[in-house]
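Topology and contacts: notes
Read off the chains here:
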Number of protein chains: 2
Amino acid sequence: MSRSNPRVLSTLERAGGFASAQEVYKLMQREGEKIGLTTVYRSLQSLVNDKIVDLLRREDGEAIYRLCGEHHHHHLVCKSCGETVEIEGGAIEKWAKSMAEEHGFRDVGHTAEIFGICSKC
Amino acid sequence: MSRSNPRVLSTLERAGGFASAQEVYKLMQREGEKIGLTTVYRSLQSLVNDKIVDLLRREDGEAIYRLCGEHHHHHLVCKSCGETVEIEGGAIEKWAKSMAEEHGFRDVGHTAEIFGICSKC
DNA sequence: ATGGAAATGAAAATCATTTTCATTTCTGCT
DNA sequence: AGCAGAAATGAAAATGATTTTCATTTCCAT
């Protein structure tokens, strides 16, 4: 078993606690970190096993890693220029919770993203 | 633009209305249908465009296609067995709309999925 | 210092999905 | 019927994320 490389977790945090393995890798490269893609994957997997990060899926199926426990937020993304705004989702949290309870689900998480065209585009 | 090959839809129905592209393809092969994998993919994409089937994701990121009603809804998915419940998202619709307006976004859409462990697992 | 375990990463393998492109099948039209 | 252009098809190659392999390096306890 491999343990997580601490620089990976720290980079994920710096990325806003929400990124894919490839993004974490590229970010570390840009910052001059000497690390292989394989290690990034292994570290993220290990963090998921330890329940330190959540594993979610983008719409295209790419895995995205999100820090657990952290007060999480949602995104409002411009389909045209990619600008992203972090938004609060209080209503969503309640909705997810009540829906899950209603159907007897436990260990519940959720994803919610809003996308559209921003005022500049 | 290619239109959906009707045999693909009929196979998806026969598969219980819930299968991946690869599964639909293998099923058709076993039944002696002469069809290429490419056409299966194209047909399923087209069915998604026409909102005749829903596109969701397995835990491993593989796309699964699922016949579903035409009303807008969200999903509650079991991470363990894959059971899926269609749920209403009235609160989400309002949230997405108000968040988008607040930040000047237009042509807005959204995704929202809840995942957890169902009562049977 | 030393031996074994754990970590690392480059390259190859895997696997779903998409793209390319040449061929075949339809279509409408004369 | 015959013909041209459009649409559909599928085999093979390309893509892209993720995993595996395996040889090398780093750690750690002795």
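Conventions and cut-offs
Residues numbered from 1 in each chain as written. Chains lettered and ligands numbered in written order. Predicted model: local features only at pLDDT ≥ 70, side-chain atom pairs only at ≥ 80, totals over all residues. Heavy atoms only, no water. Helix = DSSP H or I, 4+ residues; strand = E, 2+ residues; numbered from the N terminus. Buried < 20%, exposed > 50% of the residue type's maximum accessible area, 1.4 Å probe, protein only. Contact = heavy atoms within 4.5 Å. Areas by Shrake-Rupley, 256 points an atom, 1.4 Å probe, with all protein chains shown as cover. 1 Å grid on protein atoms, 1.4 Å probe; cavity = no way out; pocket = protein on both sides within 12 Å on 5 of 7 lines; lining within 4 Å. Points joined across faces, edges and corners; volume = space filled by probe spheres on them. Nonpolar A, V, L, I, M, F, W, Y, C, P; charged D, E, K, R; others polar. Domains from an automatic or database assignment. Buried area = accessible area lost by both parts, 1.4 Å probe. Salt bridge = Lys/Arg side-chain N within 4 Å of Asp/Glu carboxyl O. Polar contact = N/O pair within 3.5 Å; in protein donor to acceptor, adjacent residues only side chain to side chain. Pairing = 2+ DSSP bridges. Axes fitted to C-alpha atoms, helices over the stretch in contact; angles between N-to-C directions. Parallel < 35°, antiparallel > 145°, perpendicular 65-115°, else oblique. Left-handed = near helix turned anticlockwise from the far one by under 90°. Core = buried A, V, L, I, M, F, W, Y, C linked by side-chain atoms within 4.5 Å.

Looking now at the overall build of chain A. Secondary structure assignment for chain A yields four helices and six strands. Ordered by position in the sequence, the α and β elements of chain A form the string α-β-α-α-β-β-β-β-α-β. Expressed as lengths along the three principal axes of its C-alpha atoms, the size of chain A is roughly 45 × 45 × 25 Å. Here chain A holds 121 residues, and 40% of them are scored as buried. Within chain A, residue pairs in contact and separated by at least 24 positions form 50% of the contacts whose partners lie at least 6 positions apart. Accessible surface for chain A amounts to roughly 6,700 Å². Of this, 50% is attributable to carbon and sulfur atoms.

Quick look at the layout of surface pockets now. In this approach, a probe sized like a water molecule rolls over the atoms, and the result shows the empty space that is left. Space inside the second largest pocket adds up to approximately 300 Å³. Residue lining of the second largest pocket: Val48, Asn49, Lys51, Val53, Asp54, Leu55, Leu56, Cys68 and Asp107 of chain A together with Glu59, Lys79 and Phe115 of chain B, and that is the complete set. Listing elements by their share of the lining of the second largest pocket, those giving two or more residues are helix 3 (37-49) and strand 2 (53-57) of chain A. Here the element with the most residues in the lining of the second largest pocket is strand 2 of chain A; it accounts for four residues. Of the residues belonging to the lining of the second largest pocket, the class tally is six nonpolar, one polar and five charged.

This part is about the domain arrangement of chain A. All names here are of chain A. You can read the domains of chain A as domain 1 (6-67) and domain 2 (74-116). Computed over C-alpha atoms, the centres of domain 1 and domain 2 are 21 Å apart. Contacts between domain 1 and domain 2 engage four residues on the former and five residues on the latter. A combined buried area of about 310 Å² lies between domain 1 and domain 2, and 54% of that area is made up of carbon and sulfur atoms. By the criterion of area lost to domain 2, the three top residues of domain 1 are Phe18, Leu56 and Arg66, representing 73% of everything that side buries. The tally of links from domain 1 across to domain 2 stands at zero salt bridges. Connecting domain 1 to domain 2 are one residue pair in polar contact (both at pLDDT 80 or more). Here the side of domain 1 that touches domain 2 is built from residues that sort into two nonpolar, no polar and two charged.

Here we come to the interface of chain A and chain B. Facing 39 residues of chain A, the contacting portion of chain B comprises 38 residues. Between chain A and chain B, the buried area comes to about 3,200 Å², and carbon and sulfur atoms account for 66% of it. Among the residues of chain A in contact with chain B, Trp95, Phe105 and Ile114 of chain A are the three that bury the most area, contributing 22% of the side total. Where chain A touches chain B, the interface holds zero salt bridges. Taken together, the links from chain A to chain B amount to twelve residue pairs in polar contact (both at pLDDT 80 or more). Counting residues per element, the ones that place at least two in the side of chain A that touches chain B are strand 2, strand 4 (74-78), strand 5 (84-87), helix 4 (90-102) and strand 6 (106-117) of chain A. A total of twelve residues in the side of chain A that touches chain B trace back to one element, the largest contributor, which is strand 6 of chain A. Taken together, the residues of the side of chain A that touches chain B sort by class into 20 nonpolar, ten polar and nine charged. As judged from the nine bridges shared by strand 6 of chain A and strand 6 (residues 106-117) of chain B, these two strands associate in the antiparallel manner. Bridging from a neighbouring strand, isoleucine 114 of chain A pairs with histidine 110 of chain B of strand 6 of chain B.

Next up on the list: the packing of helix 2 (residues 21-30) of chain A against helix 3 of chain A. All names here are of chain A. Contact geometry of helix 2 with helix 3 gives a least axis separation of 9 Å together with a crossing angle of 130 degrees. The orientation of helix 2 relative to helix 3 falls into the category oblique. Both helix 2 and helix 3 take part in a crossing whose hand is right-handed. Taking contact as the criterion, the partners of Ala21, Gln22, Val24, Tyr25 and Met28 in helix 2 are, on helix 3, Leu37, Val40, Tyr41 and Leu44. Among the residues making up the contact of helix 2 with helix 3, the classes are represented as eight nonpolar, one polar and no charged.

Trp95 of chain A together with Trp95 of chain B are the most contacted members of the largest nonpolar core, which totals 26 residues. Of all elements in the fold, only strand 4, strand 5, helix 4 and strand 6 of chain A together with strand 4 (74-78), strand 5 (84-87), helix 4 (90-102) and strand 6 of chain B reach the threshold of two or more residues within this core. Setting aside its immediate chain neighbours within four residues, tryptophan 95 of chain B contacts His74, Ile87, Glu88, Gly89, Ala91, Ile92, Ala112 and Ile114 of chain A. Formed by 15 residues, the second largest nonpolar core is a distinct cluster that contains Leu12, Ala21, Val53 and Ala63 of chain A.

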